[in-house]
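Take a look at the letters that make up each chain.
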Amino acid sequence: MERDGLSEHLIRTPQDLIRIKRDRGAWSRADIADLVKGITSAAIDDAQLGALAMAAYLNGLNSREVASLTLEVASSGRVLKWDKSGLQGPVVDKHSTGGVGDTVSLILAPILAAVGCHVPMISGRGLGITGGTLDKLESIPGYNCYPDLQHFVETVQKVGMAIAGAGRLAPADRRLYAVRDATATVDSVGLITASILSKKLAEGLDALVLDVKWGSGAVNRDRPAGRNLSESLREVADLAGLPVSIVLSEMDQPLSPAVGNALEVRLAIDYLCGRARPERLHALVLKLGEAVLEAAGESDRFSQVEAALEDGSAAEVFGRSVAAMGGPSDLISKPDQHLEEAPLSAPLCADHSGRIETMDAAAIGRLVCELGGGRIHAADRIDHAVGVSELASVGDPVESGQPIARIHVRQERELHPALDRLREAISVAEE
């Protein structure tokens, strides 16, 4: 006998679900439906959810379990449906698996909107050392990361883009996301896949591009791990009927010259306004933009990207989106008036001449996190002003005494220890 496509079964207790996975068993589709209902109704408490996440992390989820979990989480709240007659172009989005200095979302979304796409970007907070787009946006005074869903939809329709937290979309993921961060189960391939794709399916997309990062500053520590996650994402996206393009990108060094919330927002504004377009960041922005337009069957729009950057229309879209979400209307023209700066900053200078040989993204991410720019505990408050800016890149030639980075801290006692930590994270080869 069937019930909503699921076989009738004895409803499991949270302890039953934990025991099945603890003992290397597999959850049925019905078990996963009960699991997601328990998450959204709080029938499963945080301790039990942590045990479930750890059991899934240690013993894995098969592809059927991951697909079922993705679909159940996606349908745990509202699912957006777009009236295409009122839109200029396709509904698309981009997602990154997280990295250090990854400012792409704040740049690519307005570019895509400026060339006629609509971008309902559902983003999250930082996980471990990787920065969160919502944390960055909250460095903008007044920005509301959890607007009314109708307002979010209207902003996407009128402005072309909006970036916000999930809210009523895939609410089960919000709890699971926080528990993964608190229980060191972030890098479970199955849980990552379900977390990413459930929110994207709830957005009602025509196409999605996934930036799967690998390296010291990413969840995936090496390229094979990145490929493994990519295969899982592609398999589940195909099963769900979502056109997807996947790009593997390296994260052994920070992606951009800025790491820290307000610092990254400032960098995004400088990029959109043409004041600074760091080479590695720019290359990835273009690659991801081209990939998502191709997945949407709109490759011809890519020829408009350069014009959208040069004529200021992408910057204008970002400014309008910020204002629509409660932020200042003049952020683009007056960022210094709105983005907080740390009270103290100092340059890190090269000890000798040579070339930047390595730059440990993980060490830099940890440093910024410990200064207050990220969360060590789920309840930690974010200091949006602290971080690192003006980072050189691997391969850059440097002279003795030349600044290769700048540290931004809240208290004087933090300054010299932070500079020492930053120096340890960057090596300069004499040859």
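Just so it is clear, the structure is predicted and the values come from calculations on it, not from any experiment. (Residues numbered from 1 in each chain as written. Predicted model: local features only at pLDDT ≥ 70, side-chain atom pairs only at ≥ 80, totals over all residues. Heavy atoms only, no water.)

## With respect to the overall build of the protein
In step 1: If you tally the helices and strands in the protein, you get 17 helices and 13 strands.
In step 2: Residue burial in the protein is summarised as follows: out of 431 residues, 56% are buried.
In step 3: In the protein, the share of contacts with a sequence separation of at least 24, taken over all contacts with a separation of at least 6, comes to 78%.
In step 4: Looking at the protein as shown, the accessible area adds up to about 17,800 Å², and 49% of this sits on carbon and sulfur atoms.
In step 5: Taking the 44 positively charged and 60 negatively charged side chains of the protein as two groups, their mean positions are separated by 5 Å. (Helix = DSSP H or I, 4+ residues; strand = E, 2+ residues; numbered from the N terminus. Buried < 20%, exposed > 50% of the residue type's maximum accessible area, 1.4 Å probe, protein only. Contact = heavy atoms within 4.5 Å. Areas by Shrake-Rupley, 256 points an atom, 1.4 Å probe, with all protein chains shown as cover. Lys, Arg positive; Asp, Glu negative; His and termini not counted. Charge placed at Lys NZ, Arg CZ, Asp CG, Glu CD.)

## Structural notes on the confidence of the model for the protein
In step 1: Within the protein, residue pLDDT values average 93, and 97% of them lie at 70 or more.
In step 2: Counted against residues more than four places away or in other chains, residues 1-7, with its pLDDT under 50, gives 10 contacts. (pLDDT = per-residue confidence, 0-100.)

## Focus on the sheet that holds strand β3 (residues 92-96)
In step 1: If you trace the three strands from one edge of the open sheet to the other, you get β3-β6-β7, paired in parallel fashion. Looking at the sheet topology across the chains shown, the edges are occupied by β3 and β7 (244-250). This sheet shows a mean twist of 15° between the axes of neighbouring strands, independent of strand direction.
In step 2: Inspection of the sheet shows strand β6 (residues 207-214) paired to β7 by seven bridges, in the parallel sense. (Pairing = 2+ DSSP bridges. Axes fitted to C-alpha atoms, helices over the stretch in contact; angles between N-to-C directions.)

## Comments concerning the sheet that holds strand β10 (residues 387-389)
In step 1: Judged by pairing direction, the sheet is antiparallel, and its three strands sit side by side in the order β8-β12-β10 without closing on themselves. Each end of this open sheet is capped by a strand with a single partner; those strands are β8 (344-349) and β10. Averaged over neighbouring strand pairs, the angle between their axes works out to 25° when direction is ignored.
In step 2: Against the sheet, helix α16 (residues 361-373) engages β10 and β12 (403-409), with an angle of about 25° to β12.

## Section: the pattern of salt bridges
In step 1: Summed over the entire model, instances satisfying the criterion amount to 28 salt bridges.
In step 2: For Lys200, the salt bridge is made with Asp93, and the minimal N-O distance between the two is 2.5 Å. You can see Lys200 sitting in helix α9 (residues 189-202) and its partner Asp93 sitting in strand β3, a full 107 residues away along the chain.
In step 3: Residue Asp93 is classed as buried on the basis of its relative accessible area of 0%.
In step 4: The partner of Arg421 in a salt bridge is Glu370, with the nearest N and O atoms 3.0 Å apart. Within this pair, whereas Arg421 is found in helix α17 (residues 412-425), its partner Glu370 is found in helix α16, the two being separated by 51 residues in sequence.
In step 5: Relative accessible area serves as the criterion here: at 33%, Arg421 is assigned to the partly exposed category. (Salt bridge = Lys/Arg side-chain N within 4 Å of Asp/Glu carboxyl O.)

## Remarks on helix α10 (residues 223-240)
In step 1: Between its terminal C-alpha atoms α10 stretches 26 Å, which fits the 26 Å expected from 18 residues at 1.5 Å a residue.
In step 2: In the core, the buried residues of α10 are packed alongside α4 (63-74), α9, β6 and β7.
In step 3: If you check the start of α10, you find a side-chain oxygen 2.9 Å away from the backbone N of Ala225, and it comes from Asp222.
In step 4: One or two residues past the end of α10 sits Gly241, with phi positive at roughly 75°. (Expected span 1.5 Å × (residues − 1). Polar contact = N/O pair within 3.5 Å; in protein donor to acceptor, adjacent residues only side chain to side chain.)

## Observations regarding a nonpolar patch on the surface
In step 1: Taken together, Met54, Tyr57 and Leu58 make up a surface patch of nonpolar side chains, about 270 Å² in accessible area.
In step 2: Mapping Tyr57 onto the fold places it in helix α3 (residues 46-59).
In step 3: Residue class for Tyr57 comes out partly exposed when judged on its relative accessible area of 32%. (Patch = residues over 30% accessible without salt bridge, like charges linked within 9 Å, V, L, I, M, F, W, Y side chains within 5 Å.)

## Some words on the environment of Leu52
In step 1: Within the secondary structure layout, Leu52 lies in helix α3.
In step 2: The exposure class of Leu52 is buried, given its relative accessible area of 2%.
In step 3: Leu52 sits 14 residues away from Val66 along the chain, and the two C-alpha atoms are 14 Å apart.
In step 4: Residues contacting Leu52, with those up to four places away along its chain left out, are Leu17, Ile18, Trp27, Leu35 and Ile44.

## Considerations on the pairing of strand β5 (residues 161-164)
In step 1: A two-sided burial pattern is seen for β5, the buried positions comprising Met161 and Ile163 on one face and Ala162 and Ala164 on the other.
In step 2: As defined by bridge partners, strand β4 (residues 119-122) adjoins β5 across four bridges and the pair is classed as parallel. Its bridge partner lying in β5, Val119 is registered against Met161.

## As for the packing of α9 against α10
In step 1: At a minimum axis distance of 10 Å, the contact between α9 and α10 shows a crossing angle of 40°. On the basis of their axis angle, the class for α9 and α10 is oblique. Of the two possible hands of crossing, α9 and α10 adopt the one that is right-handed. Mapping the contact onto sequence places Val189, Ile192, Thr193, Ile196, Leu197 and Leu201 in α9 and Asn228, Leu229, Ser232, Leu233, Val236, Ala237 and Ala240 in α10.
In step 2: Residues belonging to the contact of α9 with α10 are distributed by class as follows: 10 nonpolar, three polar and no charged. (Parallel < 35°, antiparallel > 145°, perpendicular 65-115°, else oblique. Left-handed = near helix turned anticlockwise from the far one by under 90°. Nonpolar A, V, L, I, M, F, W, Y, C, P; charged D, E, K, R; others polar.)

## Overview of the pairing of β7
In step 1: Buried residues dominate β7, accounting for five of its seven residues.
In step 2: At this point the chain moves from β6, through α10, to the parallel β7, and the crossover so formed is right-handed. (Right-handed = clockwise from strand over helix to strand, strands pointing away.)

## Details of the packing of helix α2 (residues 29-41) against helix α8 (residues 171-182)
In step 1: Look at α2 against α8: their axes get within 8 Å of each other, and the N-to-C directions meet at 80°. Of the possible angle classes, the one that applies to α2 and α8 is roughly perpendicular. Touching Val36, Gly38, Ile39 and Thr40 of α2 are Pro171, Ala172 and Arg175, all from α8.

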